[in-house]
Structure formats: structure tokens, C-alpha cells
Amino acid sequence: MPRLSHRAAWVAALVALWVYAQTLSPTVAWVNQGEDSGDLLAASATLGIAHPTGYPLFVLLGRLASLLPLGSIAFRINLVAALAGAAAVYFLARFVLELASAGRDAGADRASTRDSGLPPLLAAGAALLYALSRGAWSQSVLAEVYTLNVAFLGAVLWALARFERRHDVRWLALASFLWGVGLTNHLLLLAAAPALAWSAARALATRRIGAAGGVLLLLLALWGATLVFYLPIRAGVGLGPGAPGTGPEFSWGVPSTPSRLLWVLTGAQYERNFFARDLAGVAGHLFSGRWWSEFGWGLLALAGGAAAAAIGRFRGLGPAVAALSAALVLFSLYSIPDDVGYWMPVAWLVAAIAGVGAARLAAKSDPLARAAAAVLLLLALGGAAESYLANRAAVDASKDLTPYLYARRNLSSVEPDALIVSEYDGRTFSLWFYKATEFRRSHPRLVVAYKYLLVWPWYLHHLSRTYPGLRVPSHRGDLDDTMNRLIARNLDKRPVYLTRLDPGLAREFRTEPVGYPPIPFYRVRWAAP
């Protein structure tokens, strides 16, 4: 049985990886709400600092992947998300199988389980149902941090499950360390905090660990989280935002001081997105049609498995239920249009809990229970197949070459020392990435300034420090005015371009389209007197 369990988890993970690799983006992605991918690609390729919260773990893994002799640089870094997505699928199956037999008290059940292949199949079915859901699949084919977050969530919960069943505190210690490391990828892993607290409290109550052991668990989590010090080290420790020095070209927030580091780590730039929904909005968000669109008919398998787990009073599932509650809170409180990454932990946990419930049905000696488990297996596999057919065309990023054509054609049309004032995340981050890779040598003095960041003093100081020849104005409260003064100060010294016909452009300037005709740049010149 253990060997079959391992094989089921590996088969599910490898199937998911094959699907993800077939639909993986070879470049910056604009599909699947992937506009941030260019920023993560640029940060990974240059060891820079991405938008808050900086994501040092993903950036470092992406940098390692970029050194592989496989495909384009973007493809290699995108592969990190695909591998992480497959790892999340693997840990889901292992979690289900770890807890499938928890609470059995009949020798006949054990004997029947040894002869049954249903529990491993149900674990694989639950894992594939999650793997092929639109949210999980869409984020596994581009450079994003969400699949890595779910992979760490799965690893932490699997380690906690092994601790609960085997009473070996080394698994609890491993879970604490992994949690600390995973937090340096995304703060969404805070959803695992109640699960860790649950298991640690039980360990203290049953005297499996003492007070010193509890302190050790905290120190292990802090040790894992020390990866965040990549951010100030890379930004330049001791350098104020306007001080001379070296640092990465792409350094969001320039976290070289304690206050700037705190600003990046807490995501303070996005604080307005918290608590934006009222109670009715939260209820509508939680109980929307998203469940059906994600899982299709497989939702019936999840409902049946969850019901079986509930009938069994969620034995051994306390940490997972606690994590699900926290994930639902995080999903509800943070209001953004592209919240698929906040949905994914919820989907993983629901699939895991339902998988455990279904696998426990299959472990019973009651023929009716095992027949019900077989029905749930058919529903899960059918739902996974339906999701594959329904979602492939929608999430396939392998043919999304528009960002590549946009950046390459337009950058080829500008001078090596041009100033490009860019707008929109997708366009700006595509330019950042290709400026840092394909055009690094041919356009060494090229500047791509993101208009929306011109309101931040740290960004203005960073532009001045990174590009000494660029004349950067201060921000006086009006973004269009800052943009116009930036253009005016540099127009006689270097060519200036916009990425769109900006209605805020002052009348003393005129523009003409150049570059990639479908989405051109606009050369800025002085208007005729």
C-alpha cells in the first residue's frame, strides 16, 4: 500500500507537470491575469527586487532557473511556477493518503484497505481535480508566486499530518521551518499559521515538547524567514533612497533602510485593498459561481468527500480546517480583480479535505461505503477530464507571443539612450524584462520609467541614482505634471517615447507613432511654435 500511495502521488504530479509544460508561456505573459509576470521575470533575471512584498524566494529560484540551458530565459523562469504547481499536486495526494486511514479502529478495515486501490486513486483524483481547475492551471504556466505558495502550504500541512500520526516532533520542526521559508515567497502562507499553532498546542498539551521545544519551533520559523534579508542586502544596506551607490536596476521600494524594508514586506502600497467589501459583498464573493466554473461536475465529488469528512467529525483534520478558515478570511478581506492567487489555497484545502473524506469511505469494510467512494472517484476523474477540456484553450499561454512582439519590435525601433515613459503593468514589465535581457548590451543607457510610480519619492531617487544622466523632477502632487516636467527636462538630451497617447501630455509636445503597429510607441517632440 505505501508503494502504491507514493506512485499515485507521483503520477498525479507528473500528469499535472506535463499539462503545465505543454501550455507554459515562453515569454512574458499577458493572459491569465499575468501582467505581473514581467516584473518577476525582470527581478529574477537581474537579481532585482520585485513589487511588494519583494518575493525573495521566488526571485532566487527564478535566478537559478534562468541559468538552465533550456529554452528562453523567460521559459526557464516560468518553469519554476510549473514545477511548484506540480509539487502542490503531489503534496495534496500525499496529504490525503497520510490521513486516509486516520481513526480506523477495525482490523477488517485495515485488511480491506491493503487489498483496495481505491484510496490512492481517490487521492490522485482529488489532486488532479485541483490541478486542472482553472485557477491552479492558469497560474502554473507563467511567472507568478501563487503556485509556490500553495506548494509550501501543502508541504507544511503534510508534515503536520505526519507529525499527528507518527508523533515524531521532527515533522513538526520541519513544518515550522518550511513555514518560515514559504513566508518569504508570499504572506498568503499566513493561512498555515493556525494549523501550526493547532499542532504545536497539542504537542505542548500532550508533553511531546516542552517550553524549550516551543521556543525552538519559533526559532526555526524565524530562521526560515531570514531569506527576507536578501532584499536590503541586494538593495544596498545603509544606502538611503537618494544616496550614491550601486544596486539593482529594478529595485521596487529600494528597501535599504528599516522603514523602506517594512514598507515592502508589509505590502503597504496595497493597503487600500483590504476590508473593501461589506458583509454582503463577502458572502457574495464566497458563495459565487466560481466554485462551479473552477471544478464543474467535480464539485459533486468535493461535496461528497467533504460530507464524508464532516460525518467523521473531521478526525485528524483540525490543522487543515483551521488553515481553510484562515484562507477564507484572507480571500474575503483582500479585494482585487485578479484574486485567483488568493482563491488557490481555498481550492487546495477543500480538495484535500474532500479527498480525505472520500478515501476514508474507501477504507471501510461496508460495501455501501466503498461503493459510494467508487462513485466519488468517477465524479472526481470525470470532473478533472471535463476541466481539462474546458480550460485548456482558456489558460494556454504557450501561444501568447504578443508581449514578446510588443517589447522586441518597439525596443528595436528606439535609440539606445531613449527615455520611455511607460504605463500599465503588462506593457511596462515586458519592457523592463526585455530591456534587461535581449537589449542589455545594445541599449545600455535606455531608461524605462513607470509613470504610475513617479508619485513615490523612493522611485524618483532611484531613477536619479540608477541613471546619472537622467534629469528627474520632484513630485508636486499632480502625476501628469510630474510626467510632463520629466519629459521637458530630458527632451533636448535624449529621445523620449510614450507607450500610449496620454491625455495628460502637455500641449507643448506632439507625438508620432513608431515601432510595433498594433501597439506602438509614440515619439515625443516639441510642438511647432
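Residues numbered from 1 in each chain as written. Predicted model: local features only at pLDDT ≥ 70, side-chain atom pairs only at ≥ 80, totals over all residues. Heavy atoms only, no water.

J.: It is not clear to me how the overall build of the chain should be interpreted in this structure. Could you clarify?
T.: Secondary structure summary: the chain contains 23 helices and 5 strands in total. For the chain, the C-alpha atoms occupy an extent of roughly 95 × 50 × 50 Å along the three principal directions. Out of the 529 residues belonging to the chain, those deemed buried represent 57%. For the chain, the exposed area adds up to about 21,600 Å²; of that, 64% sits on carbon and sulfur atoms. Here the chain carries 48 positive and 32 negative side-chain charges, and the mean point of each set is 7 Å from the other. (Helix = DSSP H or I, 4+ residues; strand = E, 2+ residues; numbered from the N terminus. Buried < 20%, exposed > 50% of the residue type's maximum accessible area, 1.4 Å probe, protein only. Areas by Shrake-Rupley, 256 points an atom, 1.4 Å probe, with all protein chains shown as cover. Lys, Arg positive; Asp, Glu negative; His and termini not counted. Charge placed at Lys NZ, Arg CZ, Asp CG, Glu CD.)

J.: Please clarify how the packing of aromatic side chains should be interpreted in this entry.
T.: Given two aromatic rings, one states the distance between the centres and the angle between the planes to describe the pair. A complete count under the given rule lists 30 aromatic pairs for this structure. Summarising the aromatic geometry, the rings of W10 and Y90 are spaced 4.9 Å apart at their centres and angled 50° between planes, so their arrangement reads as tilted. With W10 in helix 1 (residues 2–22) and Y90 in helix 4 (residues 73–99), this residue pair connects regions lying 80 residues apart in the sequence. Taking the relative accessible area as the measure of exposure, Y90 reaches 14% and is therefore buried. Measuring from centroid to centroid gives 5.0 Å for W292 and W297, while their planes differ by 75°, and the two rings are edge-to-face. On the basis of relative accessibility, which here comes to 40%, the residue W292 falls in the partly exposed class. Grouped by ring-pair contacts, the aromatic residues F250, W252, F429, W432, Y450 and Y452 constitute a single cluster. One Lys or Arg, R260, reaches over the ring of W263 and ends 4.8 Å from the middle of that ring. (Phe/Tyr/Trp six-rings, centres within 6.5 Å; stacked < 30°, edge-to-face > 60°. Lys NZ or Arg CZ within 6 Å of the ring centre and 35° of its normal.)

J.: Explanation requested: a nonpolar patch on the surface in the structure shown.
T.: Together, V215, L216, L218, L219 and L222 line one region of the surface with nonpolar side chains, adding up to about 480 Å² of accessible area. Within the secondary structure, L222 is located in helix 11 (residues 211–225). (Patch = residues over 30% accessible without salt bridge, like charges linked within 9 Å, V, L, I, M, F, W, Y side chains within 5 Å. Salt bridge = Lys/Arg side-chain N within 4 Å of Asp/Glu carboxyl O.)

J.: What exactly am I supposed to notice about the side chain of T23 here?
T.: Along the chain, T23 falls in the loop between helix 1 and helix 2 (37–46). Excluding its chain neighbours within four sequence positions, the residues that come into contact with T23 are W137, V141, R392, D396, A397 and S398. (Contact = heavy atoms within 4.5 Å.)

J.: Sorry if this is basic, but what is going on with helix 4 here?
T.: Each turn of an α-helix holds 3.6 residues, which means side chains three or four residues apart point in the same direction. Taking 1.5 Å of rise per residue, 27 residues should cover 39 Å, and helix 4 covers 40 Å from first to last C-alpha, within 8% of that figure. Burial runs high along helix 4: 23 of the 27 residues are buried. (Expected span 1.5 Å × (residues − 1).)

J.: Is there a simple way to explain the layout of surface pockets in this structure?
T.: Gaps left between atoms show up when a probe the size of a water molecule is rolled over them. In this structure, the largest pocket occupies an estimated 930 Å³ of space. Lining the largest pocket are 37 residues, with P52, Y270, N273, Y334 and I336 positioned closest to its centre. With 3 residues, the single largest contributor to the lining of the largest pocket is helix 17 (residues 318–333). (1 Å grid on protein atoms, 1.4 Å probe; cavity = no way out; pocket = protein on both sides within 12 Å on 5 of 7 lines; lining within 4 Å. Points joined across faces, edges and corners; volume = space filled by probe spheres on them.)

J.: Explain the confidence of the model for the chain here, please?
T.: Interpreting fine coordinate detail is not advised for predicted regions of low pLDDT. The predicted model of the chain has a mean per-residue pLDDT of 92, with 94% of residues at 70 or higher. Low pLDDT, under 50, characterises residues 105–109; the stretch is placed with 5 contacts to residues that sit more than four places away or in other chains. Taken together, the stretch residues 238–245 has pLDDT below 50 and engages in 19 contacts with residues farther than four places along the chain or on a different chain. (pLDDT = per-residue confidence, 0-100.)

J.: Explain the pattern of salt bridges here, please?
T.: Oppositely charged side chains can pair when the atoms bearing their charge come close. One pass over the full model with this rule turns up 17 salt bridges. Between E249 and K435 there is a salt bridge, and its shortest N-O distance comes to 2.4 Å. You can see E249 sitting in the loop between helix 12 (230–235) and helix 13 (258–265) and its partner K435 sitting in helix 21 (residues 425–436), a full 186 residues away along the chain. Residue K435 is classed as buried on the basis of its relative accessible area, which comes to 6%. Between R408 and E438 there is a salt bridge; the shortest N-O distance is 3.0 Å. Residue R408 is located in helix 20 (residues 402–412), and its partner E438 is located in the loop between helix 21 and strand 2 (447–450); the two are separated by 30 residues in the primary sequence. A single salt-bridge network, built from bridges that share partners, covers E423, K451, D480, R500 and D502.

J.: What is the right way to look at the packing of helix 10 (residues 193–205) against helix 17 in this model?
T.: Packed helices, taken two at a time, are described by their axes: the angle between them and the distance between them. Between helix 10 and helix 17, whose axes approach to 7 Å, the crossing angle comes to 150°. Between helix 10 and helix 17, the crossing angle belongs to the class labelled roughly antiparallel. Between helix 10 and helix 17 the crossing geometry is right-handed. The segment helix 10 lies against helix 17, with P194, A195, W198 and S199 engaging G318, P319, A322, A323 and A326. A breakdown of the residues in the contact of helix 10 with helix 17 according to their chemical character gives 7 nonpolar, 2 polar and no charged. (Axes fitted to C-alpha atoms, helices over the stretch in contact; angles between N-to-C directions. Parallel < 35°, antiparallel > 145°, perpendicular 65-115°, else oblique. Left-handed = near helix turned anticlockwise from the far one by under 90°. Nonpolar A, V, L, I, M, F, W, Y, C, P; charged D, E, K, R; others polar.)

J.: I keep staring at the sheet that holds strand 2 and nothing clicks. Help me out?
T.: Sheets are built from strands paired through backbone hydrogen bonds, the pairs being either parallel or antiparallel. Across the sheet, 5 strands lie side by side as 2-1-3-5-4; this open sheet has mixed pairing. The open sheet has two edge strands with one neighbour each: strand 2 and strand 4 (509–514). Direction aside, neighbouring strands of the sheet carry axes that sit 30° apart on average. In the sheet, strand 1 (residues 419–422) pairs with strand 3 (residues 496–498) via 3 bridges, with the strands oriented parallel. (Pairing = 2+ DSSP bridges.)

J.: Would you take a moment to explain a positive patch on the surface for this structure?
T.: A cluster of basic residues, R471, R476, R489 and K493, forms a positive patch on the protein surface. Residue position: R471 is located in the loop between helix 22 (457–466) and helix 23 (479–490). The partly exposed category is assigned to R471, whose relative accessible area is 43%.

J.: What is the right way to look at the pairing of strand 5 (residues 521–526) in this model?
T.: A regular strand places its side chains so that they alternate between the two faces of the sheet. Examined bridge by bridge, strand 3 and strand 5 share 3 bridges and lie antiparallel to one another. Bridge assignment links Y497 to a residue of strand 5, and that residue is R523. Bridge count between strand 4 and strand 5: 6 bridges; the pairing is antiparallel. Note on strand 5: the bridge partner recorded for T511 is V524. Between strand 4 and strand 5, which pair antiparallel in sequence order, lie 6 residues; one of them, G515, sits at a positive phi of approximately 90°.

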